[in-house]
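Architecture and fold: a report
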Amino acid sequence: MLTKRIIACLDVDGGRVVKGVQFENLRDAGDPAELAKAHSESGADEIVLLDISATQERRATLLDTVRRSAAQLFIPFTVGGGIRTLEDAAAVFSAGADKISINSAALADPKLITRIAERFGSQAVVVAIDAKRCEGASSWEAFTQGGRAAAGRDAVEWAREAEASGAGEILLTSMDRDGTGAGFDCELTRVVADSVRIPVIASGGAGGAQHFVEVFRDGHADAALAASIFHYRFSRLADLKKEIGAQGIPVRWPC
Amino acid sequence: MIAIVDYGAGNLVSVKKALAWLGAECAITSDLEEVARATRVVLPGVGHFASTKTLERAGLKQAIADSIGRGIPFLGICVGMQWMFERSQESPETRGFGVLDGECERFPASVKSPHVGWNQLEVDSSSRLLRGVPSGSFVYFTHSFRVPVSGATVASCEYGGRFSAAVERDHLFGVQFHPEKSGDIGLRLLSNFCEL
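Residues numbered from 1 in each chain as written. Chains lettered and ligands numbered in written order. Predicted model: local features only at pLDDT ≥ 70, side-chain atom pairs only at ≥ 80, totals over all residues.

A closer look at the overall build of chain B
The helix and strand tally for chain B stands at 6 helices and 13 strands. Its C-alpha atoms give chain B a radius of gyration of 15 Å, within 12% of the compact-globule value 16 Å for 196 residues. The principal-axis extent of the C-alpha atoms belonging to chain B is close to 45 × 40 × 30 Å. In chain B, buried positions account for 54% of the 196 residues. Within chain B, counting contacts between residues at least 6 apart in sequence, those at least 24 apart form 66% of the total. (Helix = DSSP H or I, 4+ residues; strand = E, 2+ residues; numbered from the N terminus. Rg over C-alpha atoms; globule rule 2.2 N^0.38 Å. Buried ≥ 20, exposed ≤ 12 C-beta atoms within 10 Å, placed from the backbone. Contact = placed C-beta atoms within 7 Å.)

Okay, structure coming up:
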């Protein structure tokens, strides 16, 4: 049976994994290559590396980080953050990424999705959508620039356009839940997952195994991503998969 | 030397990385002479079945056919496996290699397509490629079209009905999933291929 994927995300700044606490106090959480390998060995189905470096100087180390991380990784590996052109994407693929994730650049120019998909295949193109609930409504707006600016687009409609443009997967982050540990936004995830044919990765709000069970069962997610709950304690990933599996969700375990 | 045939579709770095990890000498190439000299040929592939047209135009189809004729082991991955068959519903006007009988088909409307993620194999224990890979093993798939189960099938997978996850005939091998992205199980398979 096709299993639900549990994806470990590494937020990287200047070549180091960082963990934000309430979007401040970025704490050093280790070497990306070592953490990626450790997560893979403890049962992660996929690794996402997001470069959150604010400056060009710190971003310059990204390709080296990707190369080192990819060297010992034999599960799918996605890289995002700051990819604005086909050439940026090509460089990241050459360094060993299997998929790239694009967000602001795709909103600014949806044809970028098509260009990368035509060269590298749709399976290699993940469109990341940062969605924020419109006050008091069951609708969500897509945000750009790392959540700093409203894009003026309905998140569901944007997901459909991204699919039509050639995206292979949607990485859907609930800005309302991100960093809270209060659980994924199952309603947002379900609305988007039911609107597209491509897989939807839920993100934002993971705090425990029950949240994963809910987003797979009620949110119709194909995969779920988390960062901070996996940091510092790798063994939790394996425990988490066992717990999710015990509740009847198909997961790759043992693996 | 293992030739990883490059026909301009997709990213072949991961395949090379996995083979190199196993200690195999390999090169990504579209050079006809290099393909002719290779002791193993791997044809990866992503994206659209129509992209395999390049193989014919570039003379690579003939080079691969010659190599197979000399008994050189061949491994097709994903679209590379689909290309081993006669045709695909994805691009009816594109001819496949046709070394195996059959046509690649769509998934039924009852399941989401593409089929992306880790799914389990039902393995025929006589397979040489899958030696040491037990039934129930998880491997990573990402594809929109599939090859029906046939006499060449040595592993099948369930997603909207069973389909061919791996095929094998003589020294011809094909896998629909990505061994280079399938953890230890995938490395085992690639290691088997290197040792054939």
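What to know about unusual backbone geometry
In this model, W253 of chain A is joined to P254 of chain A through a cis peptide bond whose omega is -5°. That bond from S113 of chain B to P114 of chain B is cis: its omega, 5°, falls within 30 degrees of zero. If you trace the backbone, P114 of chain B turns up in the loop between β6 (103-106) and β7 (115-120). At C78 of chain B, a position not held by glycine, the phi torsion is positive, near 60°. Its identity as a non-glycine residue notwithstanding, D170 of chain B has a phi of 55°, on the positive side.

Brief notes about the sheet that holds strand β5 (residues 87-88) of chain B
Ordered in space as β5-β6-β10 (chain B), the 3 strands form an open sheet in which the pairing is mixed. Every other strand in the sheet has two partners, leaving β5 and β10 (145-146) of chain B as the edge strands with one partner each. (Pairing = 2+ DSSP bridges.)

A short note on the interface of chain B and chain A
Listed as interface residues are 27 residues of chain B and, on the opposing side, 24 residues of chain A. Secondary structure elements with two or more residues in the side of chain B that touches chain A: α1 (13-21), β7, β9 (138-143) and α6 (183-195) of chain B. Sort the elements by how many residues they give to the side of chain B that touches chain A and β7 of chain B lands first, with 6 residues. Taken together, the residues of the side of chain B that touches chain A break down into 10 nonpolar, 12 polar and 5 charged. (Nonpolar A, V, L, I, M, F, W, Y, C, P; charged D, E, K, R; others polar.)

Let's talk about the pairing of strand β13 (residues 172-175) of chain B
All names here are of chain B. As defined by bridge partners, strand β4 (residues 74-77) adjoins β13 across 4 bridges and the pair is classed as parallel. Paired with G76 across the strands is G174, a residue of β13. Here strand β12 (residues 162-169) folds back onto β13, and the loop between the two strands holds 2 residues, one of which, D170, carries a positive phi near 55°.

Re the sheet that holds strand β2 (residues 26-29) of chain B
Sheets are built from strands that pair by backbone hydrogen bonding, the pairs being arranged parallel or antiparallel. Residue and element names in this part refer to chain B. Overall, mixed pairing links the 8 strands, which are arranged β2-β1-β3-β4-β13-β12-β11-β8 in an open sheet. The open sheet has two edge strands with one neighbour each: β2 and β8 (122-123). The sheet contact formed by strand β3 (residues 40-43) and β4 spans 3 bridges and is parallel. Directly across from V41, in β4, lies its bridge partner F74.

Concerning the environment of G23 of chain B
Residue and element names in this part refer to chain B. Within the fold, G23 resides in the loop between α1 and β2. A tally of 8 C-beta atoms within 10 Å means that G23 is categorised as exposed. Sequence separation between G23 and S191 is 168 residues; the distance between their C-alpha atoms is 9.2 Å.

What to know about the packing of helix α1 (residues 32-41) of chain A against helix α3 (residues 62-71) of chain A
Residues and elements named next belong to chain A. It is the contact of α1 with α3, at a shortest axis distance of 8 Å, that shows an interaxial angle of 30°. You can see that α1 and α3 cross each other, and the crossing is right-handed. From α1, P32, A33 and A36 reach across to α3, where they touch T65, R68 and S69. (Axes fitted to C-alpha atoms, helices over the stretch in contact; angles between N-to-C directions. Left-handed = near helix turned anticlockwise from the far one by under 90°.)

Considerations on the packing of helix α4 (residues 86-94) of chain A against helix α6 (residues 111-120) of chain A
Helix-helix packing is described using two parameters, namely the angle between the two axes and the distance between the axes. Residues and elements named next belong to chain A. Close contact between α4 and α6 brings their axes to 10 Å; oriented N to C, the two are set at 40°. With respect to their mutual orientation, α4 and α6 come out oblique. Once α4 is placed against α6, the crossing between them reads as right-handed. Each of L86, A89 and F93 in α4 lies in contact with α6, whose residues at this interface are R115, I116, R119 and F120. For the contact of α4 with α6, the residue count by class is 5 nonpolar, no polar and 2 charged. (Parallel < 35°, antiparallel > 145°, perpendicular 65-115°, else oblique.)

A short note on the confidence of the model for chain B
Should pLDDT be low for a region, the predicted coordinates there are not to be read in detail. The pLDDT averaged across chain B works out to 95; a share of 100% of its residues lies at or above 70. With a pTM of 0.96, the predicted complex shows an ipTM of 0.95. (pLDDT = per-residue confidence, 0-100.)

Description of α6 of chain B
For α6 of chain B, with 13 residues, the first-to-last C-alpha span of 19 Å sits near the 18 Å given by 1.5 Å per residue. Turning to α6 of chain B, the residues buried within the fold contact α1, β3, β4, β9 and β13 of chain B. (Expected span 1.5 Å × (residues − 1).)

Section: the environment of H220 of chain A
Residues and elements named next belong to chain A. Of note, H220 is situated in the loop between α9 (209-217) and β12 (223-226). Residue H220 is classed as partly exposed on the basis of its 17 C-beta neighbours within 10 Å. C-alpha of H220 to C-alpha of A155: the two residues are 65 residues apart in sequence and 17 Å apart in space. The residues touching H220, leaving out its near neighbours within four places in the chain, are T189, R190, A193 and D194.

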